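The chain contents come next:
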There are 2 protein chains.
Amino acid sequence: MTQASTRQWVLSGAHIASMDQGKTPYGLIEQGAVAIDGAQIVWVGAATDLPPIYHNWAREDLPGGLLTPALVDCHTHIVYGGDRSKEWEMRLQGASYADIARAGGGILSTVTATRAASKDNLINSAQSRLNDFLAEGLGMIEIKSGYGLDTQNECKMLHAARALGQKNAIIVKTSFLGAHALPPEFAGRSDDYIALIIHEMLPEIARLGLADFCDGFCENIAFSAAQMRKVLETAKTLGLGLRLHAEQLSDQGGAQMAAELGALSCDHLEYVSEAGIKAMAEAGTRAVLLPGAYYFLGETHKPPMDMLRQHGVPLALASDCNPGSSPLTSLLLTMNMGCTLFGMTPEEALAGVTRVAAGALGMDETHGTLAAGQVADIAHWDVEHPSTLAYSMGSNPHVGQIRAGQWVI
Amino acid sequence: MTQASTRQWVLSGAHIASMDQGKTPYGLIEQGAVAIDGAQIVWVGAATDLPPIYHNWAREDLPGGLLTPALVDCHTHIVYGGDRSKEWEMRLQGASYADIARAGGGILSTVTATRAASKDNLINSAQSRLNDFLAEGLGMIEIKSGYGLDTQNECKMLHAARALGQKNAIIVKTSFLGAHALPPEFAGRSDDYIALIIHEMLPEIARLGLADFCDGFCENIAFSAAQMRKVLETAKTLGLGLRLHAEQLSDQGGAQMAAELGALSCDHLEYVSEAGIKAMAEAGTRAVLLPGAYYFLGETHKPPMDMLRQHGVPLALASDCNPGSSPLTSLLLTMNMGCTLFGMTPEEALAGVTRVAAGALGMDETHGTLAAGQVADIAHWDVEHPSTLAYSMGSNPHVGQIRAGQWVI
């Protein structure tokens, strides 16, 4: 961890996509300046408008480029054991799901490998994935459990996630995802597993302070909306924030249920109904779109983008990085997929990995835009205009990063 | 340019995906060794089988990982002027093609910007795109002209492409693509433009030795098969190799025509007919698949993969890097797209950017596999198994590169 900065300085010489709402597209300021006091932004505007009070602060003049808020990935599963690339290869060679299950593949292979891994193993393998995101200007990431599926191994995953935050001086938010899949020892007894989550896992994880949020996979191949309601209600009484994998493969009514409980986000949403969207809009629940999984699974049913927009549901965008359905470690590529596959505009895509993503993690009062009062988490890019960030595929124009007021690259 | 090496040495300590056909999948050798004499590979096999003759050669032991042939991108347009990201943004904001044309967008905007750019400008902007490919183990790239559309500017583009080969000590193969689009000064007179290509542009470019191949865009929005036949026949008499953008958006019979003329490759092929495929198989013409353009344009009609395989047409895979339909500078991501979007196996994908791509450029006698007699162009990856290269999205496990027998990274 770096020490808190007490420096007062002004950063200029670049354009700024502040992502502050209600002004220009992208909150764009040509030739902008940011005044930074310690860890905090105290002023943002055109360099020519810099108030006299900041004129004698140290000045750092960049040679051009663009400043944006540091990126936020609000839905990942980067902590896991094992490797699913060979299973993917089998699938492309024509193997059926039954063949793959017989060969030990599928999500339960990740559960087996994760249970077998030490906490340090999990930290090390996740670190290499996290490095890909950090190279693209990431400042905050959500990491889920969900491959332990028992109290001890879910705790181990969440400890590993917290350790990644400490090691990297970034903000890591954690979600307990015990209701991700049915563990093999509960085969045919899903209600018993839900009871274990409610009576043992959730209280223990809350007691240890390991999770900021509770999440679950509400789907015909996982848990019903009725089961997830019990889990989320318990989590709420324990003080955890709520989120839900909802309507990815079918409409289960999960989004409406979660929104009515005040969930911060519902994620995936390919099959969400208008009733679900209305409930989300009323509750202020964010939509977290995950085009990486849609792409990698070869899906063709897109989320109802126009309906989400019509009802004013804020659109976040995340990598869903995981070994089975989205081995994706690039938020820039995620932005491109959001535009190319779901028809988002480049501005919606950048908001989706900054301001709205921070909101989906309950952090938008301090993160996700460049504005007075926000923490100075800033990414510097070698591009002229923010649309380029989503347009290019395979290129990384990230050249510098400020976290809590200090350069780290 | 580096000086030719005279060193005799043995590289070991890693697995090898030799991509040599007819043996194991990927030509995989666990714990392999490569004996290198100057620029050339003289032996490849299991380290335990290394013949005594090489035992006293210098030995370099890697700490693990995988060796593959250096990657080959056999279809790119990386030399161009201008930037089309804002046009793309307009499209995502709902602008029509007419709106975009009125705002100066479309391929002719790239022509205008390319004509206005100096050769050095073109080299510099292409270099930044090339750097993305080099960071992923590229050793050979094809670069097309086609945004100059007059003799002087087509020559300028090809000079820039040749200069990139000199600057980077990689192999650059160039294709003259005068028949890419109709230049504005020939509006309504496409036969006159074809005559200019045949009587002025092609002879001049052949005289200057600027192009290895002649290419063209055979499509209802570009040039007919009859027009392209005239261009390719002329190119053939001038000693150029032939290739063709064929059947991307409709079946024009271009693949059959080009194959009958002995083309090295036909590229895109979403709408190719069985007659076209049969002609390609008979002539030994490679299919160059371009999933980046298919993805970026939101196409849904895939190339007839099974029919191509049934007839034994070799499948190459390329980025098609260009500003309008595939701003893609990653062959690893191209491999993932080949698998995810077109159902290629990871082994087909790796062959498509090594052995088959080298063949599509007429270079497979010396490049594209790790085998005795080949040039020692080798990429070193921090992965255990080659399937990982296509599986991951946004990660770059490339850790070292040998070109013509010498480490360059």
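Cut-offs applied
Residues numbered from 1 in each chain as written. Chains lettered and ligands numbered in written order. Predicted model: local features only at pLDDT ≥ 70, side-chain atom pairs only at ≥ 80, totals over all residues. Heavy atoms only, no water. Axes fitted to C-alpha atoms, helices over the stretch in contact; angles between N-to-C directions. Helix = DSSP H or I, 4+ residues; strand = E, 2+ residues; numbered from the N terminus. Parallel < 35°, antiparallel > 145°, perpendicular 65-115°, else oblique. Contact = heavy atoms within 4.5 Å. Nonpolar A, V, L, I, M, F, W, Y, C, P; charged D, E, K, R; others polar. Phe/Tyr/Trp six-rings, centres within 6.5 Å; stacked < 30°, edge-to-face > 60°. Buried < 20%, exposed > 50% of the residue type's maximum accessible area, 1.4 Å probe, protein only. Lys NZ or Arg CZ within 6 Å of the ring centre and 35° of its normal. Domains from an automatic or database assignment. Buried area = accessible area lost by both parts, 1.4 Å probe. Salt bridge = Lys/Arg side-chain N within 4 Å of Asp/Glu carboxyl O. Polar contact = N/O pair within 3.5 Å; in protein donor to acceptor, adjacent residues only side chain to side chain. Lys, Arg positive; Asp, Glu negative; His and termini not counted.

Visitor: Honestly, the packing of helix α6 (residues 190–208) of chain A against helix α7 (residues 225–237) of chain A in this entry has me stumped. Any pointers?
Guide: The axes of two packed helices give the description: the angle between them and the distance between them. Residues and elements named next belong to chain A. The geometry of α6 relative to α7 is characterised by a closest axis approach of 10 Å and an angle of 5 degrees between their N-to-C directions. With respect to α7, the axis of α6 lies roughly parallel. Residue-level contacts link Ser190, Asp191, Ile194, Ile197, Ile198 and Leu202 of α6 to Gln227, Lys230, Val231, Thr234 and Ala235 of α7. Taken together, the residues that form the contact of α6 with α7 break down as six nonpolar, three polar and two charged.

Visitor: Can you help me understand the packing of aromatic side chains in this one?
Guide: Describing an aromatic ring pair means giving the distance of the ring centres and the angle of the ring planes. One pass over the structure, following the stated rule, counts 17 aromatic pairs over all chains. Ring geometry for tyrosine 294 of chain B and phenylalanine 342 of chain B: centres 4.9 Å apart, planes at 70 degrees, overall edge-to-face. Taken together, the positions of tyrosine 294 of chain B in helix α10 (residues 291–296) and phenylalanine 342 of chain B in helix α12 (residues 331–342) put the pair 48 residues apart, joining distant regions of the chain. You can call tyrosine 294 of chain B buried: its relative accessible area is 6%. By relative accessible area, which is 4% here, phenylalanine 342 of chain B ends up buried. Over the face of the ring belonging to tyrosine 80 of chain A we find arginine 129 of chain A, whose NZ or CZ atom lies 3.7 Å from the ring centre. One Lys or Arg, arginine 243 of chain B, reaches over the ring of phenylalanine 213 of chain B and ends 4.6 Å from the middle of that ring.

Visitor: Is there a simple way to think about the domain arrangement of chain A in this case?
Guide: It is common to give the size of an interface as the accessible area that goes away when the parts come together. All names here are of chain A. Annotation of chain A at the domain level lists domain 1 (4–69 + 368–407) and domain 2 (71–360). For domain 1 versus domain 2, the distance between C-alpha centres works out to 30 Å. Facing 25 residues of domain 1, the contacting portion of domain 2 comprises 21 residues. Contact with domain 2 buries area across many residues of domain 1, yet Met19, Ala390 and Arg403 alone supply 30% of it, more than any other trio. On inspection of domain 1 and its partner domain 2, the count reaches zero salt bridges. If you look at where domain 1 meets domain 2, you find eleven residue pairs in polar contact (both at pLDDT 80 or more). At the level of secondary structure, the elements contributing two or more residues to the side of domain 1 that touches domain 2 comprise β5 (66–69), β14 (378–381), α15 (387–391) and β15 (398–403). The greatest single-element share of the side of domain 1 that touches domain 2, amounting to four residues, is contributed by α15.

Visitor: Would you explain the side chain of lysine 156 of chain A in this entry?
Guide: Residue and element names in this part refer to chain A. In this fold, lysine 156 is placed in helix α5 (residues 151–168). Aspartate 150 is the oppositely charged side chain nearest to the buried, salt-bridge-free lysine 156, at an N-O distance of 7.5 Å. A polar contact is formed between the side chain of lysine 156 and the backbone oxygen of threonine 114, at a distance of 2.9 Å. Leaving out residues up to four positions away in the same chain, lysine 156 has contacts with Thr114, Arg115, Ala117, Ser118, Lys119 and Leu122.

Visitor: Explanation requested: the interface of chain A and chain B in the structure shown.
Guide: On the chain B side, the residues contacting the 39 residues of chain A number 39 residues. Counting each side, the surface lost to burial between chain A and chain B is near 3200 Å², with a carbon and sulfur contribution of 63%. Sorting the residues of chain A by area buried against chain B places Tyr295, Tyr391 and Met393 of chain A first, and these three jointly supply 27% of that buried surface. Inspection of the chain A/chain B interface yields zero salt bridges. At the boundary of chain A and chain B, one finds 15 residue pairs in polar contact (both at pLDDT 80 or more). Breaking the side of chain A that touches chain B down by element, the ones donating at least two residues are α1 (85–92), α10 (291–296), α12 (331–342), α13 (346–352) and α15 of chain A. In the side of chain A that touches chain B, the residues fall into 17 nonpolar, 16 polar and six charged.

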